[in-house]
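The residues making up each chain are set out below.
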Amino acid sequence: MAISLKEKLYQMFILGTGEYASTALQNGLGGIIFFTKDIQSVGQFKTLIADIKKDSVIPPFLSIDEEGGRVERTENIHNGKKYLSAKFAYEKGEEFLANQTKEIAKELKSYGINLNFAPCIDTNTNPNNPIIGERAFSSNPEDVIKGEKIVSKIYKSFGIIPCVKHFPGHGDANADSHLTLPKISLSLEEMKQTHIKPFKESVKNGIDMVMVAHLHCTCFEKEEIPTSLSKNAIDYLRNELHFDGVVISDDMVMKGVSKFGDVEACLMGIRAGINLFIYRFADKNTYDIIENVYKIALEDENLQNLIEKSYTKIMNLKKKYLFK
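Residues numbered from 1 in each chain as written. Predicted model: local features only at pLDDT ≥ 70, side-chain atom pairs only at ≥ 80, totals over all residues. Heavy atoms only, no water.

(A) The arrangement of the overall build of the protein chain in detail. Of the regular secondary structure elements, the protein chain holds 12 helices and 12 strands. Relative to the compact-globule value of 20 Å for 324 residues, the protein chain shows a C-alpha radius of gyration of 18 Å, a close match. In the protein chain, which comprises 324 residues, the share counted as buried stands at 60%. If you take every contact in the protein chain between residues at least 6 apart in sequence, the share linking residues at least 24 apart comes to 73%. A total of about 13100 Å² of accessible surface is found on the protein chain, and carbon and sulfur atoms cover 49% of it. Between the averaged position of the 41 positive side-chain charges in the protein chain and that of its 43 negative side-chain charges there is a distance of 5 Å. (Helix = DSSP H or I, 4+ residues; strand = E, 2+ residues; numbered from the N terminus. Rg over C-alpha atoms; globule rule 2.2 N^0.38 Å. Buried < 20%, exposed > 50% of the residue type's maximum accessible area, 1.4 Å probe, protein only. Contact = heavy atoms within 4.5 Å. Areas by Shrake-Rupley, 256 points an atom, 1.4 Å probe, with all protein chains shown as cover. Lys, Arg positive; Asp, Glu negative; His and termini not counted. Charge placed at Lys NZ, Arg CZ, Asp CG, Glu CD.)

So this is what it looks like as structure tokens:
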């Protein structure tokens, strides 16, 4: 069956649940991301996932942020039980971290989740960082590398795609990219030694998906352009770190990126080399963004080629994990 340009473009998006989710899935949407509000009981959640699969043209990414600690979307159905965040799990030792990851993976697998936006492999060098903190394994890149290796390997063994984040490293930020565009003024050399190092190792170990942060890193862009929309940053990931998998944006409704304009930010992202976008809403506005990008792509051969490339990468990843 031939896949249309529109379906290929829709494959490049993961949306939250919402009014337009079903329509988007029927148009070829790539996947859905679940938040705490979507998960009220085990039965309800499994039914929701079954309905999403029914609406899908191509098997969807069924994704979640389940790191443990502050970022745990299944907390409503845990009966008070909490997973530890990366920092505290790692501090309890490698065996503890491995066992906790197996528990999380088993739980996610039982619901039908096939993509977890974890582990967080930022090196938390700024003690005043308002957004990373205990989500990072450590302030030492060597420990971050050890933690990532354990966690990613276990998710893969359960058939769940791990996604490392937030390239090129959110650990030195002094602001929250949900609220503004944090600026990191470290030199490329400093970034490489501490923040990019875990991503480099992760790529060497065969990670399939990397999430790019909404950060203004002056080593990549003099102008105030987030790394998520920066061709220089994504080219570095591709050409210097030799990453050949799927590059995904952080949530595109975050203030660190939304000020560039809805459609414009999306086009900048595609042109910079993003293969997959997260939008936490499936509302009319998000639906219109995709439709408007599609209209522009019909007249733009370069954009069509980039959509084609992303579609190929996405389908290769889905064949590896989802088509079994």
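More follows now that the structure is in view.
(B) The arrangement of the packing of aromatic side chains in detail. Overall, the coordinates contain nine aromatic pairs when judged by the stated rule. Their ring planes at 65° and their centres at 6.1 Å tell us that Tyr-90 and Phe-137 sit as a pair that is edge-to-face. Placement of the pair is Tyr-90 in helix 4 (residues 86–91) and Phe-137 in the loop between strand 6 (115–116) and helix 6 (141–157), with a sequence separation of 47 residues. Its relative accessible area of 13% is what places Tyr-90 among the buried residues. You can call Phe-137 buried: its relative accessible area is 3%. Here the aromatic cluster, defined as three or more aromatic residues joined through ring pairs, consists of Tyr-10, Tyr-20 and Tyr-287. Sitting above the plane of the Phe-96 ring, Lys-92 keeps its charged end 5.4 Å from the centroid. (Phe/Tyr/Trp six-rings, centres within 6.5 Å; stacked < 30°, edge-to-face > 60°. Lys NZ or Arg CZ within 6 Å of the ring centre and 35° of its normal.)

(C) Region of interest: the pattern of salt bridges. Applying the stated criterion to the full structure yields 17 salt bridges. Residue Lys-165 pairs with Asp-65 through a salt bridge whose shortest N-O separation is 3.1 Å. Here Lys-165, found in strand 7 (residues 161–167), pairs with Asp-65, found in the loop between strand 3 (61–64) and strand 4 (66–68); they are 100 residues apart in sequence, far enough to count as distant. Across this residue pair, the class does not change: Lys-165 and Asp-65 are buried. Via salt bridges that share partners, Asp-65, Arg-73 and Lys-165 belong to a single interconnected network. (Salt bridge = Lys/Arg side-chain N within 4 Å of Asp/Glu carboxyl O.)

(D) The arrangement of the sheet that holds strand 11 (residues 246–251) in detail. As summarised here, the arrangement of the eight strands in space is 1-2-3-6-7-9-11-12, forming a closed barrel in which the pairing is parallel. Inspection of the sheet shows strand 6 paired to strand 7 by two bridges, in the parallel sense. From the neighbouring strand, Asn-116 faces strand 7, where its bridge partner is Pro-162. Helix 6 contacts strand 6 and strand 7 of the sheet and is inclined by roughly 145° relative to strand 7. Lying over the sheet, helix 7 (residues 188–204) contacts strand 7 and strand 9 (209–212), oriented at roughly 155° with respect to strand 7. (Pairing = 2+ DSSP bridges. Axes fitted to C-alpha atoms, helices over the stretch in contact; angles between N-to-C directions.)

(E) Just unusual backbone geometry, in detail. Cis geometry is adopted by the peptide bond preceding Pro-119, which originates at Ala-118 and carries an omega value of 5°. Relative to the elements of secondary structure, Pro-119 occurs in the loop between strand 6 and helix 6. Between Lys-165 and His-166 the backbone carries a cis peptide bond, its omega angle lying at 0°. Here His-166 is to be found in strand 7. In this structure, His-242 takes a positive phi of about 60° despite not being glycine. Turning to its location among the elements, His-242 is positioned in the loop between helix 8 (231–240) and strand 11. The exposed category is assigned to His-242, whose relative accessible area is 61%.

(F) Representation of the pairing of strand 7 in the model. Of all seven residues in strand 7, seven are buried, a share of seventy percent or more. Assessed by its sense of winding, the connection that carries the chain from strand 6 through helix 6 to strand 7 is right-handed. Direction of pairing for strand 7 relative to strand 9: parallel, over a ladder of three bridges. Each bridged residue has a counterpart across the sheet, and for Cys-163 the counterpart in strand 9 is Met-209. (Right-handed = clockwise from strand over helix to strand, strands pointing away.)

(G) Quick peek at the state of the cysteines. This structure, assessed with the given rule, holds zero disulfides. There is no disulfide at Cys-163, and the cysteine sulfur nearest it, in Cys-120, is 10 Å away. Judged by relative accessible area, Cys-163 falls into the buried class, the value being 0%. For Cys-219, which is in no disulfide, the shortest distance to another cysteine sulfur is to Cys-217 and amounts to 5.2 Å. (Disulfide = S-S within 2.5 Å.)

In short, geometric facts, not functional conclusions.
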